[in-house]
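Inside the fold
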Amino acid sequence: TEECPIRSVVNRVGHQLHKALSEKGIALLVNHGISEDKMKQVYGHLDDFCKLSDNTKETYLRKGETNHGYIKPGQERFDGKSKDIRHTFNICTLKPDGGPLPDEPLPGFRDHVSDLATDFKRLSALLLQALAVGMELPYGYFLEKHRHILDGEGENQSTFRLLYYPPLIEDDGKNELLRGTCKYSQQRCTKDEIDLSLPEDYRAKVREQQEQEEQELQQITRCGAHCDYGTFTLLAQDSEGGLEVKLPGTDRWKRVGHLPGAILINAGELLSTWTGEKISALQHRVIIPQEETIRTRGRHSLAFFVHPDNCISIAPIDLPASSSSNSLDSDEKKTKGRKKSFKTAKSKIYNAYQHVQRRFKETYAS
């Protein structure tokens, strides 16, 4: 009896979700059933963790091929060069014998984080069913490929990630005078008029210095530009802190505002492959905000990375015509499409575990 209202919600959400992800690679979820108070409680636990001594925090560091554990600022390079300024804690399993969590220095950490992660897992299951409905696939198509979410990295690479971006300017209530440097240039007057313009070689030197400063600033970001690796990601955040996305078919970055309590869902690389790139993996980043009032505040977010089970093969799905095109294809186009899909499939057949491990090596390369 309880399945009827759930099925009704899934059917209603499915086509809206598919449309949003197909057109923009991102959707906004409201009335999702996850308590904002639970999120704030977990943000508080992460703050307490970040206040622990460096020696204590490093006992929980992410090590080797495992993704579970603490990641300190500068350890990740999502775009291959920029060091990300943030504290991160990955939870890859809810099993009691899973990876270590800071329960001893922080009582209640495991219980509260596990409770919230379970809520995100339930929401993900509903969205996987809705996505299948929107793509006119069997109701449990995606759910069957994601049976072992948070059962451990040996089964599935899904991860519940806690993130804290520290303030970029210390706000101690004091006004600090920033002293610049004055540079003078002596030049010989060859005219009766005084030439007050700067020499060309000096202007070139100033331009070079400005370009170097801009490059150095780009080397340190809150989170470099990247696409998520899996099926999709659920993202909650506590403030507007510089999240930007590059929508499909555009080269411009668009700022994503903050709606309290809302959850963003963005498409990942594996969903893009499954749909033959009809749904694009959303490229996104977290920039250093220009507004000083935002720069002086810390930023919290929660990311739930939904991945298929490790053994699931990744290749383009043979989607129904109506879910992939608004017009009827001719037999000739269908035949060419099958040949092209088969060729693409042969080059892209791999399993979910192989994909994510390759991407991890790129992200954490020194």
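Look up a bit, the structure's there.
Quick caveat, the model's predicted, so the values are computed rather than measured.

Here's the deal with unusual backbone geometry
Even without glycine at this site, N31 takes up a positive phi of about 55°. Its identity is not glycine, yet E136 carries a phi of approximately 60°, on the positive side. For E136, the position within the fold is in the loop between α4 (109-134) and β5 (159-165).

With respect to the pairing of strand β9 (residues 243-246)
Bridge analysis of β9 against strand β12 (residues 283-286) gives 4 bridges, and the strand direction is antiparallel. If you follow K246 over to β12, its bridge partner there is Q283. In this sheet, strand β10 (residues 254-255) lies alongside β9 in antiparallel orientation, the contact comprising 2 bridges. Across the sheet, E244 pairs through a bridge with R255, a residue of β10.

Here we look at the packing of aromatic side chains
We describe a pair of aromatic rings using the distance from one ring centre to the other and the angle between the two ring planes. If you walk through the whole model with that rule in mind, you get 10 aromatic pairs. With centroids separated by 5.1 Å and ring planes inclined at 65°, the aromatic side chains of F49 and Y70 adopt a geometry described as edge-to-face. In this pair, F49 is assigned in helix α2 (residues 36-50) and Y70 in strand β2 (residues 69-71), connecting sequence segments 21 residues apart. Accessibility classification places F49 together with Y70 in one group, the buried group. Their ring planes at 90° and their centres at 5.2 Å tell us that Y141 and F142 sit as a pair that is edge-to-face. One aromatic cluster in this structure is built from F49, Y60, Y70, F89 and F109. The lysine or arginine in question, R7, covers the ring of Y139, its NZ or CZ lying 3.4 Å from the ring centre. Lying over the aromatic face of Y141, K145 brings its terminal NZ or CZ to 4.7 Å of the ring centre.

Details of α2
Residues that lie three or four places apart on an α-helix share one face, since the helix turns once every 3.6 residues. In this model, α2 (15 residues) spans 21 Å end to end at C-alpha, consistent with the 21 Å of a helix rising 1.5 Å per residue. Those residues of α2 lying buried are M39, V42, Y43, H45, L46, F49 and C50. One face of α2 carries all of its buried residues, which in axial projection span an arc of 160°. What points out from α2, more than 90 degrees from its buried face, is the exposed set D37 and K40. Among the residues of α2, the N-terminal cap falls to S35, whose side-chain oxygen and the backbone nitrogen of D37 are separated by 3.2 Å.

Re the packing of α2 against α4
It is the contact of α2 with α4, at a shortest axis distance of 10 Å, that shows an interaxial angle of 140°. Taken together, the axes of α2 and α4 are oblique relative to one another. Crossing geometry of α2 relative to α4 is assigned as left-handed. Judged by residue contacts, K38, M39, Q41, V42 and H45 of α2 engage F109, H112, V113, D115, L116, D119 and F120 from α4. Looking at the contact of α2 with α4 residue by residue, the classes come out as 6 nonpolar, 3 polar and 3 charged.

Things to note about the sheet that holds strand β11 (residues 263-267)
Strand order in the open sheet formed by 7 strands is β1-β11-β8-β13-β5-β4-β2, and the pairing between neighbours is antiparallel. With partners counted over all chains shown, the strands left at the sheet margins are β1 (26-29) and β2, one partner each. The average angle at which neighbouring strand axes cross in this sheet is 20°, direction not considered. Across 4 bridges, strand β8 (residues 232-237) lies against β11 in antiparallel orientation. Bridge pairing links T233 to N266 in β11. Against the sheet, α4 contacts β1, β4 (87-91), β5, β8, β11 and β13 (299-306), and its axis sits at roughly 130° relative to β8.

Here's the deal with the nonpolar core
Nonpolar side chains in soluble globular proteins tend to be buried together. F120, F142, F160, L162, L234 and L302 are the most contacted members of the largest nonpolar core, which totals 58 residues. Looking at which element gives the most residues to this core, the answer is α4, with 12 residues. Here F120 is in contact with I34, M39, F160, L234, A236, I263, L302 and F304, once residues within four sequence places are set aside. Counting residues in each nonpolar core, the second largest holds 12 residues, with I26, L163, L243 and A303 among its members.

Remarks on the pattern of salt bridges
Tallied over the full model, the rule gives 8 salt bridges. A salt bridge links K57 to D54; its shortest N-O distance comes to 3.2 Å. With K57 and D54 both in helix α3 (residues 54-58) and 3 residues apart, this pair spans about one turn of that helix. You can call K57 buried: its relative accessible area is 4%. With a relative accessible area of 51%, D54 lands in the exposed category. Here E58 and K72 are joined by a salt bridge, their closest N and O atoms 3.5 Å apart. Here the residue E58 occupies a position in helix α3, and K72 occupies one in the loop between β2 and β3 (83-84), the gap between them amounting to 14 residues.

Conventions adopted
- Counting starts from 1 at the beginning of each chain's written sequence and moves along it residue by residue.
- Thresholds applied to this predicted model are a pLDDT of at least 70 for local features of residues and 80 or more for the giving and counting of side-chain atom pairs; totals over whole chains, interfaces and linings are not thresholded and use all residues.
- Each side-chain value is worked out from all heavy atoms of the structure, with water and hydrogens disregarded.
- Put simply, DSSP marks the helices as runs of H or I at least four residues long and the strands as runs of E at least two long, and each gets a number from the N terminus on.
- When DSSP finds at least two bridges between two strands, those strands are taken to pair.
- Here the aromatic set is Phe, Tyr and Trp, taking the six-membered ring for Trp, and pairing holds for ring centres within 6.5 Å; pairs whose planes are under 30 degrees apart are stacked, those over 60 apart are edge-to-face, and all others are tilted.
- Accessible area is worked out with a 1.4 Å probe on protein chains only. A residue is then buried under 20% of its type maximum, exposed over 50%, and partly exposed in between.
- We call a charge positioned above a ring when the Lys NZ or Arg CZ atom is no farther than 6 Å from the ring centre and deviates by at most 35 degrees from the ring normal.
- By definition here, a helix of n residues has an expected span of 1.5 Å times n minus one.
- Arc definition: directions from the helix axis to the C-beta atoms.
- Within 3.5 Å is the distance limit for a polar contact, defined as a pair of N or O atoms, with the added protein rule that one can donate a hydrogen and the other accept it, and that residues adjacent in sequence qualify only through two side-chain atoms.
- Comment: axis = line fitted to C-alpha atoms, over the contacting stretch for helices; angle = value between 0 and 180 degrees taken between N-to-C directions.
- Between 65 and 115 degrees an angle is taken as roughly perpendicular, under 35 as roughly parallel, over 145 as roughly antiparallel, and anywhere else as oblique.
- Take the far helix as the reference: if the near one is turned anticlockwise from it by less than a right angle, the crossing is left-handed, and if turned clockwise, right-handed.
- Whether two residues touch is decided by their heavy atoms; if any such pair falls within 4.5 Å, the residues are in contact.
- Think of it as three bins: nonpolar holds Ala, Val, Leu, Ile, Met, Phe, Trp, Tyr, Cys and Pro, charged holds Asp, Glu, Lys and Arg, and polar takes everything else, Gly as well.
- Only buried residues count toward a nonpolar core, which is a set of Ala, Val, Leu, Ile, Met, Phe, Trp, Tyr and Cys residues joined through side-chain atoms within 4.5 Å.
- Salt bridges are defined by distance alone: a side-chain nitrogen of Lys or Arg within 4 Å of a carboxyl oxygen of Asp or Glu.

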